[in-house]
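This is what each chain is made of:
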Amino acid sequence: MTDVAPPADDLGVLSTLFHSEQGGHEQVVLCQDRESGLKAVIAIHSTALGPALGGTRFHAYASDAEAVLDALNLARGMSYKNALAGLDHGGGKAVIIGDPDLIKTEELLLAYGRFVASLGGRYVTACDVGTYVADMDVVARACQWTTGRSPGNGGAGDSSVLTAFGVFQGMRASAQHLWGDPTLRGRKVGIAGVGKVGHHLVEHLLEDGAEVVITDVRADSVERILTSHPDVTAVADTDDLIRTAGLDIYAPCALGGALNDTSVPVLTAKVVCGAANNQLAHPGVEKDLADRGILYAPDYVVNAGGVIQVADELHGFDFDRAKAKATKIFDTTLAIFRRATVDGIPPAAAADRIAEQRMAEARRAG
């Protein structure tokens, strides 16, 4: 067999995995099933607190290297999220490469389930972008370490319900910290993305008396909200939303990278608190927000309601028990803001320190 040098971008992936601060992962599994067309990456960042838990993203990546890097970043984020959520789980994530509208089949999902099962419980999967409860029901036929299943199959159902509830608790904590009152009544909140999580968040905010402005790349998602709630306002796109006059809170609830060198300088909101993962486009953005006096509620803290929900499924799902745990996101977010103030650092750095401390203590105890 002739040795073939890996592409330069693949060397970059290996460098990230083994040498950078963003690496340190315990295990990365590349999965391929030619018959079904499955190409997937399962990344386990840490099992210090317990079996790695995180969703499965199904996405048409521009390159295989991009898919691996996304899995690495998402898995690392899950370690921090699970630690701050108080869960006895480490962090993991999987990505399936391809357009789910074109290649998702029962055979492919079953093949993926077999790969997850081969890890013997080191990784527990769930839904993410591009995968749904019905998909997890299929995966579960091949793998017992599957959460996010339908209630009819012993699962918790749609995890976006408690994800939105947790983000709402993070907003309440932000309001308490900044304005001295945990209510959103009379506050103007802009939501970018009103899909699985965003539309539930709209409901919580309206019930609390907030003024809501929305945008979404899907016209049908916007129309669904406006039809149900004619008092909600819609704007053309995220660029318009972040420039909305009088905006108190900006909630990115779509894909990551929403806070970047272009968006942060023009943000009118005083608080950023949303459901999207990996909102900070690169290191340093959290300082840019702080320098502008914008309070940032770390994404992996406030959007942990979903993983709290699916983790509870492993113990025989009880919605009230999971919701009670998600309610504590309010207290956790406030504690992070206090730590940030005491240490003189941005909230994102404070959250990292608290999560790293819990993981380090678990490693020492183990």
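These numbers were taken from a predicted model, which means no experiment stands behind them.

What counts, and where the lines are drawn
- Residues numbered from 1 in each chain as written.
- Predicted model: local features only at pLDDT ≥ 70, side-chain atom pairs only at ≥ 80, totals over all residues.
- Heavy atoms only, no water.
- Core = buried A, V, L, I, M, F, W, Y, C linked by side-chain atoms within 4.5 Å.
- Buried < 20%, exposed > 50% of the residue type's maximum accessible area, 1.4 Å probe, protein only.
- Helix = DSSP H or I, 4+ residues; strand = E, 2+ residues; numbered from the N terminus.
- Contact = heavy atoms within 4.5 Å.
- Phe/Tyr/Trp six-rings, centres within 6.5 Å; stacked < 30°, edge-to-face > 60°.
- Lys NZ or Arg CZ within 6 Å of the ring centre and 35° of its normal.
- Axes fitted to C-alpha atoms, helices over the stretch in contact; angles between N-to-C directions.
- Parallel < 35°, antiparallel > 145°, perpendicular 65-115°, else oblique.
- Left-handed = near helix turned anticlockwise from the far one by under 90°.
- Nonpolar A, V, L, I, M, F, W, Y, C, P; charged D, E, K, R; others polar.
- Pairing = 2+ DSSP bridges.
- Polar contact = N/O pair within 3.5 Å; in protein donor to acceptor, adjacent residues only side chain to side chain.
- Right-handed = clockwise from strand over helix to strand, strands pointing away.

Asker: Give me the lowdown on the nonpolar core, citing residues and values where you can.
Answerer: Counting 29 residues, the largest nonpolar core has Met-171, Ile-191, Leu-201, Leu-205 and Ile-214 as the members making the most contacts within it. When contributions to this core are tallied by element, the ones reaching two or more residues are helix H6 (160-179), strand E7 (188-192), helix H7 (198-207), strand E8 (211-215), helix H8 (219-228) and strand E10 (249-252). Apart from residues lying up to four places away in sequence, Ile-191 is in contact with Gly-198, Leu-201, Val-202, Leu-205, Val-212, Val-213, Ile-214, Thr-215, Leu-241, Ala-251 and Cys-253. In this structure, Ile-42, Phe-58, Leu-110 and Leu-119 belong to the second largest nonpolar core, which totals 23 residues.

Asker: Describe the environment of Asp-231, with residues and values.
Answerer: Here Asp-231 shows up in the loop between H8 and strand E9 (233-234). Owing to a relative accessible area of 56%, Asp-231 belongs among the exposed residues under this scheme. Residues Asp-231 and Glu-211, spaced 20 residues apart in sequence, show a C-alpha to C-alpha distance of 8.3 Å.

Asker: Requested: an account of unusual backbone geometry, with residues and values cited.
Answerer: If you check the backbone angles, Asn-278 has positive phi at about 50° while not being a glycine. Here Asn-278 falls in the partly exposed class, since its relative accessible area comes to 33%.

Asker: Residues and numbers for the packing of aromatic side chains, please.
Answerer: In this structure the tally under the stated criterion is 2 aromatic pairs. Between the aromatic rings of Phe-317 and Phe-319, the centroid separation amounts to 6.3 Å while the plane-to-plane angle is 75°, which identifies the pairing as edge-to-face. Judged by its relative accessible area of 26%, Phe-317 is partly exposed. Sitting over the ring of Trp-179, Arg-187 keeps its end group 3.8 Å from the ring centre. Sitting over the ring of Phe-165, Lys-323 keeps its end group 4.9 Å from the ring centre.

Asker: Go over the environment of Ala-175, please, and point to the residues and values.
Answerer: On the secondary structure map, Ala-175 appears in helix H6. When its relative accessible area of 0% is taken as the criterion, Ala-175 is described as buried. With 95 residues separating them along the chain, Ala-175 and Lys-270 place their C-alpha atoms 9.9 Å apart. Beyond its immediate stretch of four places on either side in the chain, Ala-175 contacts Gly-180, Asp-181, Pro-182, Thr-183 and Leu-184.

Asker: For the packing of H6 against H7, give the residues involved together with the corresponding values.
Answerer: Their axes nearest at 8 Å, the elements H6 and H7 cross at an angle of 45°. Relative to H7, the element H6 is oriented oblique. Along this stretch, H6 crosses H7, giving a crossing that reads as right-handed. Where H6 approaches H7, its residues Ser-160, Val-161, Ala-164, Phe-165, Val-167, Phe-168 and Met-171 are matched on the opposing element by His-200, Leu-201, His-204 and Leu-205. The residue makeup of the contact of H6 with H7, split by class, is 8 nonpolar, 3 polar and no charged.

Asker: Quick one: what's the story with the sheet that holds strand E12 (residues 295-296), residue by residue and with numbers?
Answerer: Across the sheet, which stays open at both edges, the 6 strands sit in the order E9-E8-E7-E10-E11-E12 with parallel pairing between neighbours. The sheet is open, and its two borders are formed by E9 and E12, each paired with just one other strand. Packed on one face of the sheet, H7 meets E7, E8 and E10 and runs near 170° to E7.

Asker: Any details on the side chain of Thr-333? Residues and values, ideally.
Answerer: Secondary-structure assignment places Thr-333 in helix H14 (residues 329-343). Here Ile-329 takes part through its backbone oxygen, which lies 2.7 Å from a polar atom of the side chain of Thr-333. With sequence-adjacent residues up to four places away left out, Thr-333 is seen in contact with Gly-170, Ala-173, Ala-297, Val-301 and Val-302.

Asker: Can you lay out the pairing of strand E1 (residues 27-33) for me, pointing to particular residues and giving the numbers?
Answerer: Both E1 and strand E2 (residues 38-46) contribute to a ladder of 7 bridges, which runs antiparallel. Pairing of Val-28 across the sheet is with Ala-43, part of E2. Here E1 folds back onto E2, and the loop between the two strands holds 4 residues, one of which, Gly-37, carries a positive phi near 90°.

Asker: Could you give an account of the packing of helix H12 (residues 305-313) against helix H13 (residues 319-327), with specific residues and numbers?
Answerer: Orientation of H12 relative to H13, taken along the N-to-C sense of each, is 145°, at an axis distance of 9 Å. Considering how the two elements wind past one another, H12 and H13 form a crossing that is right-handed. From H12, Gly-305, Ile-308, Gln-309 and Asp-312 reach across to H13, where they touch Arg-321, Ala-322, Lys-325 and Ala-326. Taken together, the residues that form the contact of H12 with H13 break down as 3 nonpolar, 2 polar and 3 charged.

Asker: Residue-level account of the pairing of strand E4 (residues 56-59), with values.
Answerer: Of the strand pairs in this sheet, E4 and strand E5 (residues 90-97) are connected by 4 bridges, and their pairing is parallel. Paired with Phe-58 across the two strands is Ile-96, which belongs to E5. Handedness of the E4-helix H2 (residues 64-84)-E5 crossover: right-handed.

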